[in-house]
Amino acid sequence: MEVKTSLLDNMIGVGDMVLLEPLSEDTFIENLKKRFDHNEIYTYIGSVVISMNPYKSLPIYTAEKVEEYRNRNFYELSPHIYALADEAYRSLRDQDKDQCILITGESGAGKTEASKFVMSYVAAVCGKGQEVNKVKEQLLQSNPVLEAFGNAKTVRNDNSSRFGKYMDIEFDFKGDPIGGVISNYLLEKSRVVKQTRGERNFHIFYQLLSGASDDLLKKLKLDRDFSKYNYLSLDSATVNGLDDAASFRTVRNAMQIVGFMEDEVQSILELVAAVLKLGNIEFKPESRVNEFDESRVKDKNDLKEMCELLGIEQFVLERAFSFRTVEAKMEKVSTTLNVAQAYYARDALAKNLYSRLFSWLVNRINESIKAQTKKPKKVMGVLDIYGFEIFEDNSFEQFIINYCNEKLQQIFIELTLREEQEEYVREGIEWTNIEYFNNAIICDLIENNKTGILAMLDEECLRPGTVTDETFLDKLNTVCAEHQHFESRQSKNSKFLTDHSLPHNCFRIQHYAGKVLYRAEGFVDKNNDLLYRDLSQAMYKANHSLMKLLFPEGNPAKVNLKRPPTAGFQFKASVGTLMKNLLTKNPNYIRCIKPNDKKAAHIFTDSLVCHQVRYLGLMENVRVRRAGYAFRQAYESCLERYKMLCKQTWPQWKGPAREGVKVLLTSLQLHAEEFAYGRSKIFIRNPRTLFFLEEKRRQCLEDLAALIQKIYRGWKCRTHFLLMKKSQVVVSAWYRRFAQQKKYQNIRCSALVVQSFIRGWKARKLLRELKHKKRCEQAVTTISAFWHGTQARRELKRLKEEARRKHAIAVIWAYWLGLKVRREYRKFFRANAGRKIYDFTIQRIMQKYFLGLKKTMPSMSPIDKSWPSRPYGFLDGTHKELRRVFHLWRCKKYCSQFTVEKKATYEEKLAASELFKDKKALYPSSVGQPFKGDYVEITKNPKYQKLNSLAEDKVLLADVVSKINRANGKGAPRIFLLTKKSLVLADQKTGQVKASVPLLDLSSVSVSTQNDGFFALKLKEGAVSAAKGDFLLSSDRLIEIITKLHRTGAASADRNQIKIDISDEFLVQFKQDKVCVKFIHGTPKNGNSVACKRKNNRLLEVSVPSP
Ligand SMILES: Nc1ncnc2c1ncn2[C@@H]1O[C@H](COP(=O)(O)OP(=O)(O)OP(=O)(O)O)[C@@H](O)[C@H]1O
Ligand SMILES: [Mg+2]
């Protein structure tokens, strides 16, 4: 970044007072004034920043400025509070040194503003991120909340901090903020009940009344009009340039960001409202009872509203304002309060309530901004404590505030003036001591454990007997009379007996910042800070959780008779802790100066500034700096920083660091008096020399940077080149490999093609050869076969020829012989001899035929169809006739074997065949089954004795059949008994007769064409046995039953032919109804069994499995 201004160039006045020539108080003030007139409000004394309050907003806190000062050397740019903040933050982040920023100056000098600038700078330059930003935002937003409750308009400052604040910002190892802790010091609570002229109460009261919505005000039972509240002074209720309503919105928003819950905010505002209400409660004297003054609440409306707001019972609070209970030695004594005491109690309650609420707020904020880690933290403390105050009327609060400032001055002296001078001595550097005023003596006057003013005040407060502010002053007059910085009319020190500027009821302390006159009145009370127990108990009884928290001592279960520590004691202790804390950190000073008393821009009141410069010890500060050395640094770090300025020390110095620094500085040819070589540090007298070194370093760094750049660029190019080269080698290697691979694959492919061609050609050649060979072999075989064939045929022909010839010879010979014989015997034969020979021959042949037939006769079975073949064609007719005759004979033989029963059986079978063959599918299966007739052995079974007797003649058939129930199609077993005259149906188990039908009554029988055993016996209409209707029965032996029935009917004397109907649908007469029985081919789910189902009243469906 371009350096816009350097501390030495284009400087208005002198940026660092150490460089001021000549140095005197006048030139010092002149320099400040000159810079102030040009809006240069910051000036350095070495590393201390002087800040003049410009009382106007300057464009020097922009984001660009932040960037300008970020990571820059302290002296590099013109003085700015950002330079100090940057320096502190960087040494915290980079060197792990905890920092504290001590901002001092009197009221209105700009301390609070400075602290905010520091915080916002640090927030802007440190790390970023969602979590970090949230922490930053919470830390920054804690300011508006605390300012609303802890700041007020005073005559000196429209936004005066009425409490001391020390904030530790905690960072992690990277330098990112992770949380914070705020400590608050003694809120000026007297302001709650009373404000001096031209001042007003804490901002929050005005902000609430101006900014709250009508609704909220109604809820809080408040009125927007300030004049309605006694605690709000009227003369300066509104402040120029302050928009209370807008501030209220800012505060509420900030509270939300910090993490306050909506109900917490409501509770807080209720308490603020309660304080206002409290101020309106007034008392009137009541008639004297038992000689004691008593008071009563005048107008109970405010009391009532306050009680409603806090949930307190009205009479409890009323009583607490009228009576006071004192406990002593287990005894409770109740005394009445007079009007003055009642007012005192009321104000004490209001003050306590407000100050406790404030402390609770701080704790609550701390809870929100607390770091969420236990890891080690780096800390930057920012101290913004109330400035030194000199009023016309100074009381206990000013005394305490000024004591605190006194302690801070002490730290400043300790660390900047004394410590610095001691360092020179320690380092063995020649040094003439600079005189400065050490305020340790004033601190001792106030805080000494025995003779200190605070100790005496405590002693008085705790002393039995009557204790008043006068007795306290008396005590001071005796104990502190001799002290140089204590002044009082009554003191033994006769010096002040005639000093009329010193009233009798006052004492004066010569503070480091000037003399302050304190009125003793109220010291004892304020130090005691007493709140009647009745009041705290009444508050504890409130139905308001926050209220209960604020008054824990009101809990009757925790009554503590021990006196609480006094306000002075507490303050001294917390200041002690603060000082200890500050001493452990690296201090950074911002000394704030107020240019005028009018809060006006452009006015520079020399005397006022001069006074501040004096008491802040700034001149001494400059002198020590000037007499001493502007800059010091350990040899090691100095060498490390500047080693590049000398060839011998760059890049590495081997010897001791001190020697290295000497060589380095000598080589730079600087004046010897500019340096002092201490034991462990090098001291540089003039900042100019330091700037020179810094400038040289900067140039050198530029050169080095150029060199590094050059080398880096070279290295980068070379690396790039090598990389390219390497890549090129890799690429070409890959390419070559690829090309070779391609080439190889081509050659390989070609070789394979050539190979395959050659192999093919060779194979074809071989095949041709083999084929040729095979053909040759085949030809040879064929030829030889032909040859052999020819030979064989020739031979056969020859043999045949030979045989023919031989036969011809034999025939010829036989003919010849015959001829010879016939010629020879012709004379011996008669004329018919030929006939006889013929007949003889025929006889011989016949004989031979019959004998052969006898031998080859077929079996006697009538079904054997075999017959020998005929030997001579002329016997064809005979042969057939013989076969027929034989078969008839064989059948006769077979029939002659039959008995009468068997014959009858065959007749039945024959009858069955006539009836059912090719008509009913069940028939073929019955052919092989013999018709036994009596299957249940009725004659033998004693169970059926009665049945047997019923059949007066022979039982033709007895079997178990199923009688089909028309209602459900299910069958019931029945004995079916057929005699020559009737048929009987009887129970299978008992043999009891169920029905007996004379065959004469039977008109017809209906069966289906299918493979089922269902049959219907239809009775003649009007017959006696037909009363119950026809019978639908089922039997596996249906063929036998029906055949027998038919035959019996046919055989009966009166020739009652029973008709057999074969059809897949027939009607059966059941009592009155006619039901159709229908046969269908069954579906697979019926399985292989016949199923009969009733479909409706008129239909029985029999499903028969498909064959
Ligand atoms: N750097 C600044 N730029 C502009 N205005 C400033 C600056 N510093 C202070 N002021 C003005 O001066 C007023 C008082 O400053 P500030 O509140 O910081 O004083 P203080 O030192 O904190 O006083 P007290 O001790 O009373 O709290 C501010 O309200 C603001 O108007
Ligand atoms: Mg302030």
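Treat the numbers as computed from the prediction; the structure is a model and nothing was measured. (Residues numbered from 1 in each chain as written. Chains lettered and ligands numbered in written order. Predicted model: local features only at pLDDT ≥ 70, side-chain atom pairs only at ≥ 80, totals over all residues. Heavy atoms only, no water.)

Q: Go over the overall build of the protein chain with me, naming the residues and quoting the values.
A: Within the protein chain, the regular secondary structure consists of 32 helices and 31 strands. Whereas a compact globule of 1107 residues would reach a radius of gyration of roughly 32 Å, the protein chain reaches 72 Å, over 25% beyond that. Reported as C-alpha extents along the three principal axes, the dimensions of the protein chain are approximately 225 × 110 × 50 Å. Across the 1107 residues that make up the protein chain, the buried fraction comes to 46%. Counting contacts in the protein chain only where the partners sit at least 6 residues apart, residues at least 24 apart contribute 64% of the total. In the form shown here, the protein chain has an accessible surface area of approximately 59600 Å², with 55% of it arising from carbon and sulfur atoms. Distance between charge centroids for the protein chain: 26 Å, based on 180 positive and 131 negative side chains. (Helix = DSSP H or I, 4+ residues; strand = E, 2+ residues; numbered from the N terminus. Rg over C-alpha atoms; globule rule 2.2 N^0.38 Å. Buried < 20%, exposed > 50% of the residue type's maximum accessible area, 1.4 Å probe, protein only. Contact = heavy atoms within 4.5 Å. Areas by Shrake-Rupley, 256 points an atom, 1.4 Å probe, with all protein chains shown as cover. Lys, Arg positive; Asp, Glu negative; His and termini not counted. Charge placed at Lys NZ, Arg CZ, Asp CG, Glu CD.)

Q: Got a sec to walk through helix α11 (residues 300-310)? Specific residues and values, please.
A: Restricting attention to buried positions, one finds in α11 the residues Asp-302, Leu-303, Met-306, Cys-307, Leu-309 and Leu-310. All buried residues of α11 fall inside an arc of 160° around its axis, so they share one side. Among the residues of α11, the N-terminal cap falls to Asp-299, whose side-chain oxygen and the backbone nitrogen of Asn-301 are separated by 3.1 Å. Within two residues after α11, Gly-311 carries a phi angle of roughly 70°, on the positive side. (Arc of directions from axis to C-beta. Polar contact = N/O pair within 3.5 Å; in protein donor to acceptor, adjacent residues only side chain to side chain.)

Q: An account of the sheet that holds strand β17 (residues 631-634) is requested, with residue identities and associated values reported.
A: The antiparallel open sheet is built from 3 strands, whose spatial order is β17-β19-β18. In this open sheet, the two strands that pair with only one neighbour each are β17 and β18 (675-677). Strand-to-strand twist of the sheet, defined as the mean angle between neighbouring strand axes without regard to direction, takes the value 15°. Against the sheet, helix α25 (residues 657-667) makes contact with β18 and β19 (681-684), and its axis sits at roughly 160° relative to β18, the strand it touches most. (Pairing = 2+ DSSP bridges. Axes fitted to C-alpha atoms, helices over the stretch in contact; angles between N-to-C directions.)

Q: Can you lay out empty space enclosed by the protein for me, pointing to particular residues and giving the numbers?
A: Space left empty within the atom packing is revealed by a probe, the size of a water molecule, rolled over the atoms. On inspection of all chains with the given rule, the structure shows 4 cavities of 30 Å³ or more. Computed from the structure, the largest cavity encloses a volume of approximately 80 Å³. Lining of the largest cavity is provided by Thr-112, Ser-115, Lys-116, Asn-143, Leu-146, Glu-147, Asn-151, Ser-161, Phe-163, Lys-165 and Asp-384. Every element with two or more residues in the lining of the largest cavity is listed here: α4 (111-125) and α5 (130-150). Broken down by class, the residue content of the lining of the largest cavity amounts to 2 nonpolar, 5 polar and 4 charged. In this model, the second largest cavity occupies a volume close to 70 Å³. Contributing to the lining of the second largest cavity are Met-119, Val-122, Ala-123, Cys-126, Lys-136, Leu-139, Leu-140, Ile-169 and Pro-177. (1 Å grid on protein atoms, 1.4 Å probe; cavity = no way out; pocket = protein on both sides within 12 Å on 5 of 7 lines; lining within 4 Å. Points joined across faces, edges and corners; volume = space filled by probe spheres on them. Nonpolar A, V, L, I, M, F, W, Y, C, P; charged D, E, K, R; others polar.)

Q: Got a sec to walk through the nonpolar core? Specific residues and values, please.
A: Membership of the largest hydrophobic core comes to 210 residues, with the highest contact counts inside it found for Phe-28 and Phe-149. When residues in this core are grouped by element, the largest group, 15 residues, is from helix α13 (residues 339-369). Beyond its immediate sequence surroundings of up to four residues, Phe-149 is in contact with Leu-187, Phe-202, Ile-204, Met-255, Ile-268, Val-272, Tyr-354, Leu-357, Phe-358 and Leu-361. With 33 residues, the next largest nonpolar core counts Phe-916, Phe-976, Leu-983 and Val-997 among its residues. (Core = buried A, V, L, I, M, F, W, Y, C linked by side-chain atoms within 4.5 Å.)

Q: Account for the pattern of salt bridges, with residues named and values stated.
A: Where charged atoms of side chains with opposite charge meet at close range, the side chains can pair. In the structure shown here, the tally under the stated rule is 62 salt bridges. Across the pair Arg-70 and Glu-67 runs a salt bridge, and its minimum N-O distance is 3.1 Å. Using a relative accessible area of 38% as the deciding quantity, one classes Glu-67 as partly exposed. The residue Glu-294 makes a salt bridge to Arg-296 at a minimum N-O spacing of 3.0 Å. Given a relative accessible area of 8%, Glu-294 falls into the buried group. Using a relative accessible area of 27% as the deciding quantity, one classes Arg-296 as partly exposed. Taken together, the shared-partner salt bridges connect Arg-162, Glu-188, Arg-191 and Glu-199 into one network. (Salt bridge = Lys/Arg side-chain N within 4 Å of Asp/Glu carboxyl O.)

Q: I'd like a rundown of the sheet that holds strand β12 (residues 378-384), residues and numbers included.
A: Spatially, 7 strands are ordered β1-β2-β16-β3-β12-β6-β7 in an open sheet, and the strand pairing comes out mixed. Each having just a single partner strand, β1 (42-45) and β7 (177-185) make up the two edges of the open sheet. Taking the axes of each pair of neighbouring strands and ignoring which way they run, one obtains an average angle of 20° across the sheet. Alignment of strand β3 (residues 99-104) against strand β16 (residues 586-593), held across 6 bridges, turns out to be parallel. Bridge assignment links Leu-102 to a residue of β16, and that residue is Tyr-589.

Q: Quick one: what's the story with the coordination of the magnesium ion (ligand 2), residue by residue and with numbers?
A: At this site the magnesium ion (ligand 2) is bound by Thr-112 (OG1) and Ser-161 (OG), with donor distances of 1.9 to 2.1 Å. In this pair, Thr-112 is assigned in helix α4 and Ser-161 in strand β5 (residues 160-161), connecting sequence segments 49 residues apart. Here Thr-112 and Ser-161 have matching classes, each one buried. (Donors = N, O, S within 2.8 Å, 3.2 Å for Na, K, Ca; no water.)

Q: Tell me about the site of ligand 1, and please be specific about residues and values.
A: Residues in contact with ligand 1 amount to 19 residues; listed here are only the nearest, Ser-107, Lys-111, Thr-112, Ser-160 and Ser-161. Here a nitrogen atom of ligand 1 sits 3.0 Å away from a polar atom, N or O, in the side chain of Tyr-61. Separating an oxygen atom of ligand 1 from a backbone N or O atom of Lys-111 is a distance of 2.7 Å. Relative to its unbound accessible surface of 630 Å², ligand 1 loses 88% to contact with the protein. By residue number, the principal contributor to the shell around ligand 1 is α4, which donates 4 residues. (Near = heavy atom within 4 Å.)

Q: Just give me the short version of the layout of surface pockets, but keep the residues and values in it.
A: Considering only enclosed or pocket space, the second largest pocket measures out at about 1500 Å³ in volume. Around the second largest pocket sit 38 residues that line it, and Glu-87, Lys-97, Asn-586, Phe-631 and Arg-632 are the ones nearest its centre. In terms of residue class, the lining of the second largest pocket is built from 12 nonpolar, 11 polar and 15 charged.

Q: Describe the packing of aromatic side chains, and please don't skip the residues or the numbers.
A: To describe a pair of aromatic rings, one takes the distance between the centres and the angle between the planes. Following the criterion strictly, the structure yields 37 aromatic pairs and no others. Judged by centre distance (5.7 Å) and plane angle (55°), the ring pair of Tyr-89 and Phe-171 falls under tilted. Here Phe-171 lies in strand β6 (residues 164-171) and Tyr-89 lies in helix α3 (residues 81-95), a separation of 82 residues in the sequence. Judged on exposure class, the residue Tyr-89 and its partner Phe-171 are both buried. An angle of 20° between the planes, with centres 4.9 Å apart, marks the rings of Phe-202 and Tyr-354 as stacked. Taken together, the residues span a long stretch of sequence, with Phe-202 in the loop between α6 (190-193) and α7 (203-211) and Tyr-354 in helix α13 at a distance of 152 residues. Of the two residues examined, Phe-202 and Tyr-354, each falls in the buried class. What links up through ring pairs into an aromatic cluster is the set Phe-396, Phe-399, Phe-472, Phe-486, Phe-507, Tyr-518 and Phe-523. (Phe/Tyr/Trp six-rings, centres within 6.5 Å; stacked < 30°, edge-to-face > 60°.)

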